[in-house]
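Architecture at a glance
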Amino acid sequence: MTDLVRMEAIDKHFPGVHALKSVGFDLRAGEVHALMGENGAGKSTLMKILSGVYHPDGGRILVEGQEVTLPTPRAAQALGLGIIHQELALMRDLTVAQNIFIGREPRLTFGRLDEAKLNADAAAIFAGMNIAIDLRTVVGGLTIAKQQMVEIAKALSYRSRVLIMDEPTAALNDAEIAELFTIIRRLKAEGVGIVYISHKMDEIKRISDRVTVMRDGAYVGTVQAEETPISKIISMMVGRELQDEAVVIPDLSAAETALEVHGIRRGKELKDIGFSLKKGEILGFAGLMGAGRTELARAIFGAEPIDAGEILVRGKPVRIASPADAVKAGIGYLSEDRKHFGLALGMDVRANIAMASLPRYADAIGRIDEPALERIAEDFIAKLNIRTPGDGQEVRLLSGGNQQKVVIAKWLLRDCDVLIFDEPTRGIDVGAKAEIYRLLNELAAQGKAIIVISSELPEVLRLSHRIAVMCEGRLTGILPGGAAQEDIMALATQRESKAAA
Amino acid sequence: MASTDISAKGKTISARLTPSGGAQQKLLAFASLIVLVIGFSLASPNFFQVSNIMAILQATSVNGVLAVGVTLIIITGGIDLSIGTLMTFCAVMTGVVLTWGGLPLPFGVLAALGTGAACGLVSGSLVARMRIPPFIATLGMMLVLKGMSLIVTGTKPIYFNDTPGFTTIAQGSLIGQIVPAFPVPNGVLVLFIVAGAAAWTLGRTVLGRYTFALGSNEEAVRLSGVNTDFWKIAIYTLSGAICGIAGLLIASRLNSAQPALGLGYELEAIAAVVIGGTSLSGGRGTILGTLIGALIMSVLTNGLRVLSVAPEWQTVVTGVIIIFAVYADQMRRRGKA
């Protein structure tokens with residue numbers, strides 16, 4: 001049987017980076033082929049080449065045995081190569097059906113749109129996927145999971161034989177992931193080849209047939225998913241063995257209270273939340289999507305207004321009406337969405353690290369002490385092991401894990417006592433994850449009070465000294481570190497009516 | 001090929017001074033300027049004369065100063081359409097203080113700077129505090145200020161005949177007194193001082209860093225604990241004060257405050273900024289580029305006039321140049337991606 005897709009000796013250079021070093025990859029019809037590797041390993045670059053976004057500097061691509069060139073994404077689509085990007089590329093203000101057929105709208109005479117056919121065609125695709133969705137809803141109003149379904153439907157509408165999914169589950173909850181997997185299995189049965197990029201090991205085991213691992217822009221190997229232990233795959237990815245450590249809970253009985261929160265409310269999102277946090281403590285926040293954890297963090301940080309509530313830093317009440325107030329009080333917030341809320345992507349590493357602390361490195365007339373900042377930036381690059389050609393590199397050119405480290409460096413430089421990490425390892429590979437965990441533990445050991453919000457339960461369990469659980473805007477309970485997953489899930493799904501009963 | 005090598009090397013060196021690049025666009029703009037100068041010099045012997053070069057520089061001064069001011073705002077991702085009529089309003093207020101109030105010259109200067117800064121503060125507050133899109137807020141300010149100039153003056157110009165030395169602000173030549181062979185008008189001196197100060201502010205100071213950062217990702221800056229509203233207002237205020245300087249220059253050149261003048265100057269200034277490679281979407285831009293952009297515009301106007309091309313064609317050519325400049329910038333960026 002010929003391969004559906006075969007990529008041979010693909011080479012790609014970017015300014016300053018050899019992104020792909022003679023990488024090979026193949027995909028058979030009806031298989032899910034997982035592509036794994038740390039961030040910056042070159043997975044996305046390889047797939048962008050396969051979808052016509054980037055052009056390879058060397059190597060060749062064969063589709064069903066025929067050598068092809070892919071000058072544009074359109075050319076790739078025409079060959080049946082569809083990609084679903086990590087950041088969904090939908091037009092938020094158009095409807096589901098309009099999104100699917102964007103650029104190929106069925107027409108009537110005089111350039112009028114044939115909306116009826118448009119909707120009928122879209123309905124047929126969703127019927128084939130066995131998904132119920134209102135075709136006339138505006139995409140911006142859908143959940144991320146539903147938007148993903150729209151992306152998949154769009155790819156299928158091109159009669160794609162190959163579907164590339166770049167971290168499709170990054171923003172999905174368990175139920176939604178199950179739904180996605182059902183669709184993937186159905187597509188598989190129809191002979192569609194699926195390239196599946198993800199960092200989540202359990203998913204890879206659940207859904208994929210083969211796993212190809214890349215590291216530092218090079219091909220490492222391809223293994224059968226079923227018979228290969230996770231630890232083997234991880235060691236292929238990081239080039240070394242990795243052990244999972246259990247959380248060590250320090251004795252904090254004598255520690256000073258760093259942050260106290262009382263009666264925080266806002267509309268239906270936050271309902272009378274109160275907790276306290278000691279210096280040196282890591283408090284994990286668990287909960288399902290939409291439980292209000294990010295909203296709580298943003299409220300404490302002053303990024304969103306609150307209706308009522310009191311915040312005390314080291315026992316003293318503080319008034320926080322803006323992020324500037326929060327930072328002044330020593331609270332830092334690392335957003336789940338680094339690119340939109342954490343970094344000035346077009347600016348360099350040094351400027352981003354200094355972003356929250358500039359006045360400290362400026363004289364009376366506002367002149368910036370660049371040599372000092374350069375030393376500081378280089379110091380952080382070494383200390384946090386930020387992989388970058390230098391502190392003058394624009395952060396948009398760094399991988400996700402390294403971007404996250406830049407954000408962390410920014411807050412370390414600001415020297416906040418309380419640090420709120422919202423999904424600190426989202427979109428970050430296994431090796432860098434371990435580094436971030438180590439960093440968080442070190443910070444706690446230095447006496448920082450840390451809040452970690454995470455949708456990955458293993459992450460919460462591994463890091464937290466105590467675990468706060470939220471559900472539908474309420475704090476349903478605080479458990480000791482190392483609590484059983486079942487107990488956490490029980491609190492995370494404890495609906496209001498049940499709590500009242 | 002060679003040019004990309006140069007820019008790649010140049011970037012690491014000049015990255016500090018021009019945090020968001022645009023070096024290549026600047027290079028292209030500078031090359032265009034040189035080509036224009038050489039072209040016109042070959043076409044007419046009257047072009048490359050000291051007197052004509054001085055005339056070109058003098059003609060650049062007002063537009064150049066306005067363009068430098070609005071560059072700051074455009075780098076934040078904003079726009080200011082009120083700079084032309086603000087310039088006039090500042091000139092009018094100078095007239096009010098000097099001619100009607102009979103106060104000495106320094107008060108006139110203060111009036112211009114103060115009026116500019118105050119109006120910039122208002123624009124900045126509309127944008128930052130009231131969250132009115134900059135285009136709309138400054139469109140409103142443009143009309144308000146145009147009306148105010150006419151109301152204050154009763155639509156009649158105010159002359160500065162009673163203030164000795166007022167015309168020397170733009171027309172005299174401090175440098176000419178020291179180096180007679182090189183009679184650079186004071187207006188040009190002012191332009192270079194303003195540009196130098198602005199470039200320094202952008203490249204070296206906290207205000208400058210936040211200017212780029214706001215244009216690059218305002219929300220990330222806010223979430224870094226920076227009081228973004230304050231800095232945005234500060235940038236609009238500074239830009240307003242720079243408009244005040246332009247107001248002084250044009251009043252000095254005309255020896256009068258002409259209340260009907262002003263409309264159209266904002267677009268000329270924005271054109272200079274765009275030709276100079278500053279991105280209208282914010283985050284990138286340089287003062288040097290703006291300066292080159294402003295020079296290209298006045299060299300074109302002057303050169304075409306020297307060649308006796310009808311003035312109506314000069315505007316057509318300027319329009320084409322703007323479109324070409326932005327197109328070249330787009331091509332460069334697409335090549336990089």
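A brief structural summary. Being a predicted model, the structure only gives us computed values, none of them experimental.

1. Some remarks on the overall build of chain A
- Of regular secondary structure, chain A possesses 18 helices and 20 strands.
- Its C-alpha atoms give chain A a radius of gyration of 24 Å, within 12% of the compact-globule value 23 Å for 501 residues.
- With the principal axes as the frame, chain A shows a C-alpha extent of 70 × 55 × 55 Å.
- Within chain A, buried positions represent 54% of all 501 residues.
- Contacts in chain A between residues far apart in sequence, at least 24 positions, make up 65% of those at least 6 positions apart.
- A total of about 21200 Å² of accessible surface is found on chain A, and carbon and sulfur atoms cover 51% of it.

2. Comments concerning helix H13 (residues 370-383) of chain A
Residue and element names in this part refer to chain A.
- Here H13 spans 19 Å end to end across 14 residues, near enough to the 20 Å set by a 1.5 Å rise per residue.
- Taken as a whole, H13 has its buried residues at Glu370, Ala372, Leu373, Ile376, Ala377, Phe380 and Ile381.
- Directly after H13, the chain includes Asn385, whose backbone phi takes a positive value near 55°.

3. Some details on the interface of chain B and chain A
- Opposite the 23 residues of chain B that make contact, chain A presents 33 residues.
- Of the roughly 2300 Å² buried at the junction of chain B and chain A (both faces included), carbon and sulfur atoms supply 57%.
- The tally of links from chain B across to chain A stands at one salt bridge.
- Our enumeration of links across chain B and chain A arrives at eight residue pairs in polar contact (both at pLDDT 80 or more).
- Looking at the side of chain B that touches chain A, the elements with two or more residues in it are helix H9 (186-204) and helix H10 (206-222) of chain B.
- The greatest single-element share of the side of chain B that touches chain A, amounting to eleven residues, is contributed by H10 of chain B.
- By residue class, the composition of the side of chain B that touches chain A is nine nonpolar, seven polar and seven charged.

4. A closer look at the packing of aromatic side chains
- Inspection of the entire model under this criterion finds nine aromatic pairs over all chains.
- Between the aromatic rings of Phe40 of chain B and Phe47 of chain B, the centroid separation amounts to 5.4 Å while the plane-to-plane angle is 35°, which identifies the pairing as tilted. The residues Phe40 of chain B and Phe47 of chain B share a single accessibility class, namely buried.
- Here the aromatic rings of Phe230 of chain B and Trp231 of chain B are separated by 5.2 Å at their centres, their planes lie at 85°, and the arrangement is edge-to-face.
- Overall, Phe230 of chain B belongs to the partly exposed group, its relative accessible area being 46%.
- Lying over the aromatic face of Tyr158 of chain A, Arg104 of chain A brings its terminal NZ or CZ to 3.7 Å of the ring centre.
- Its guanidinium or amino end placed over the ring of Phe341 of chain A, Arg298 of chain A lies 5.5 Å from that ring's centre, counting from NZ or CZ.

5. Examining the sheet that holds strand E16 (residues 331-334) of chain A
Residues and elements named next belong to chain A.
- Strand order across the open sheet formed by six strands is E16-E17-E18-E13-E19-E20, with mixed pairing between neighbours. For this open sheet the edge positions go to E16 and strand E20 (474-480), each flanked by a neighbour on one side alone. Within the sheet, the average angular offset between the axes of one strand and its neighbour, ignoring direction, is 20°.
- Judged from the six bridges that link them, strand E19 (residues 466-471) and E20 form a sheet pairing that is antiparallel. Its bridge partner lying in E20, Ile467 is registered against Leu479.
- Against the sheet, helix H15 (residues 430-445) contacts strand E13 (282-287), strand E17 (418-422) and strand E18 (449-453), and its axis sits at roughly 150° relative to E18.

6. Some thoughts on unusual backbone geometry
Residues and elements named next belong to chain A.
- The residue Asp216 is not glycine, and still its phi comes out positive at about 50°.
- Position of Asp216 among the secondary structure elements: in the loop between strand E9 (210-215) and strand E10 (218-224).
- Of note in this structure, Glu472 is not a glycine but carries a positive phi near 50°.
- Within the element layout of this structure, Glu472 appears in the loop between E19 and E20.
- Using a relative accessible area of 30% as the deciding quantity, one classes Glu472 as partly exposed.

7. Details of the sheet that holds strand E11 (residues 257-266) of chain A
Residue and element names in this part refer to chain A.
- Read across the sheet, four strands follow the order E12-E11-E14-E15 without closing on themselves; strand pairing throughout is antiparallel. Strands at the two margins of the open sheet, each flanked by one partner only, are strand E12 (270-278) and strand E15 (316-318). Between one strand and the next, the sheet's axes are offset by a mean angle of 20°, whatever the strand orientation.
- When E11 meets E12, the two strands line up antiparallel, connected through six bridges.

Scoring rules and cut-offs
Residues numbered from 1 in each chain as written. Chains lettered and ligands numbered in written order. Predicted model: local features only at pLDDT ≥ 70, side-chain atom pairs only at ≥ 80, totals over all residues. Heavy atoms only, no water. Helix = DSSP H or I, 4+ residues; strand = E, 2+ residues; numbered from the N terminus. Rg over C-alpha atoms; globule rule 2.2 N^0.38 Å. Buried < 20%, exposed > 50% of the residue type's maximum accessible area, 1.4 Å probe, protein only. Contact = heavy atoms within 4.5 Å. Areas by Shrake-Rupley, 256 points an atom, 1.4 Å probe, with all protein chains shown as cover. Expected span 1.5 Å × (residues − 1). Buried area = accessible area lost by both parts, 1.4 Å probe. Salt bridge = Lys/Arg side-chain N within 4 Å of Asp/Glu carboxyl O. Polar contact = N/O pair within 3.5 Å; in protein donor to acceptor, adjacent residues only side chain to side chain. Nonpolar A, V, L, I, M, F, W, Y, C, P; charged D, E, K, R; others polar. Phe/Tyr/Trp six-rings, centres within 6.5 Å; stacked < 30°, edge-to-face > 60°. Lys NZ or Arg CZ within 6 Å of the ring centre and 35° of its normal. Pairing = 2+ DSSP bridges. Axes fitted to C-alpha atoms, helices over the stretch in contact; angles between N-to-C directions.

Functional significance is not addressed by these values, which are geometric in nature.
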